[in-house]
Amino acid sequence: MSRLIFLGPPGAGKGTQAMRLANLYEIPHISTGDLLRTAVQEQTPLGKKAQEYMDQGDLVPDDLMLDLVLHRLEDDDVAKGWILDGFPRTVSQASFLDHLLAEIHQRCNCVLNLEVPDETLVSRMLGRGRKDDNEQTIRHRLEIYHHETAPVIDYYRERNQLVSVNGNLSMDEVTSELTKVIHP
Ligand SMILES: Nc1ncnc2c1ncn2[C@@H]1O[C@H](COP(=O)(O)OP(=O)(O)OP(=O)(O)O)[C@@H](O)[C@H]1O
Ligand SMILES: Nc1ncnc2c1ncn2[C@@H]1O[C@H](COP(=O)(O)O)[C@@H](O)[C@H]1O
């Protein structure tokens, strides 16, 4: 059974690789960014609250995020495994997730950290064309990543759960490297 977490800066290819592995292992791909974008599109109460943070490239506050993940991990389809992409993004989210998984008697098998240099990330995101992919917001998201999210790497390294993979290769090469280190 695979329960995987993707870490890595914005534009590292987490969503791309998570989708490929989700198809390969036939488990759900849970992207908090995608869940939020759907909520914004549908103008749900969560979407209305999250929109401004997302447009600015800021993190959506923890109280909203924790509820979102809690409910998604209660769905029936996650019993067979899951891939989390975009969560946790802060040490407090990582700690929340640990407690939640202990409560539901699950354990993540592997935390995959995609490593890609900042300048590659910027050009990848400028080519992606998402609403929050203008240069100013991209640079702000990168700052937030280095400040708020990079400490999550140490959190999992200290718990011997971290595997870092070079994300600065072709998409197929990254997938191949990932499947070598994952033992489903
Ligand atoms: N190995 C790769 N080589 C070149 N381009 C890539 C690679 N992996 C992904 N991309 C492209 O880079 C862009 C960002 O990829 P993706 O959306 O998967 O990143 P992400 O880590 O999920 O980003 P975010 O955290 O901002 O959602 C996309 O346009 C994608 O097609
Ligand atoms: N885990 C998260 N914590 C706070 N904010 C989040 C989280 N996941 C997503 N967000 C917000 O959504 C956008 C887009 O996310 P992507 O993972 O890049 O698709 C992000 O900038 C945050 O505003």
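Residues numbered from 1 in each chain as written. Chains lettered and ligands numbered in written order. Predicted model: local features only at pLDDT ≥ 70, side-chain atom pairs only at ≥ 80, totals over all residues. Heavy atoms only, no water.

- The chain is annotated in an unreviewed UniProt entry as Adenylate kinase of Planktothricoides raciborskii GIHE-MW2.
- Its UniProt record gives the chain a comment under Pathway (unreviewed entry), which states: "Purine metabolism; AMP biosynthesis via salvage pathway; AMP from ADP: step 1/1."
- Turning to the chain, the UniProt annotation filed under Subunit (unreviewed entry) states: "Monomer." (UniProt positions renumbered as here; feature names shortened; annotations may be inferred.)

## Overview of the packing of aromatic side chains
Phase 1: Under the definition given, this model contains 1 aromatic pair.
Phase 2: Geometrically, the ring pair formed by Tyr155 and Tyr156 is edge-to-face, given 5.1 Å between the ring centres and 80° between the ring planes.
Phase 3: Overall, the relative accessible area of 9% leaves Tyr155 in the buried class.
Phase 4: Here Tyr156 falls in the buried class, since its relative accessible area comes to 1%.
Phase 5: Lying across the ring of Tyr155, Arg159 places its NZ or CZ 3.6 Å from the centre. (Phe/Tyr/Trp six-rings, centres within 6.5 Å; stacked < 30°, edge-to-face > 60°. Buried < 20%, exposed > 50% of the residue type's maximum accessible area, 1.4 Å probe, protein only. Lys NZ or Arg CZ within 6 Å of the ring centre and 35° of its normal.)

## What to know about the site of ligand 1
Phase 1: Around ligand 1 lies a shell of 16 residues, among which Lys14, Gly15, Thr16, Arg128 and Leu169 are the nearest.
Phase 2: A distance of 2.7 Å is found between a nitrogen atom of ligand 1 and a backbone nitrogen or oxygen belonging to Leu169.
Phase 3: Counting atoms within 2 Å of the grid points, the majority share of ligand 1 lands in the largest pocket.
Phase 4: Residues of the shell around ligand 1, tallied by class, amount to 5 nonpolar, 6 polar and 5 charged. (Near = heavy atom within 4 Å. Polar contact = N/O pair within 3.5 Å; in protein donor to acceptor, adjacent residues only side chain to side chain. 1 Å grid on protein atoms, 1.4 Å probe; cavity = no way out; pocket = protein on both sides within 12 Å on 5 of 7 lines; lining within 4 Å. Sits in = over half its atoms within 2 Å of the grid points. Nonpolar A, V, L, I, M, F, W, Y, C, P; charged D, E, K, R; others polar.)

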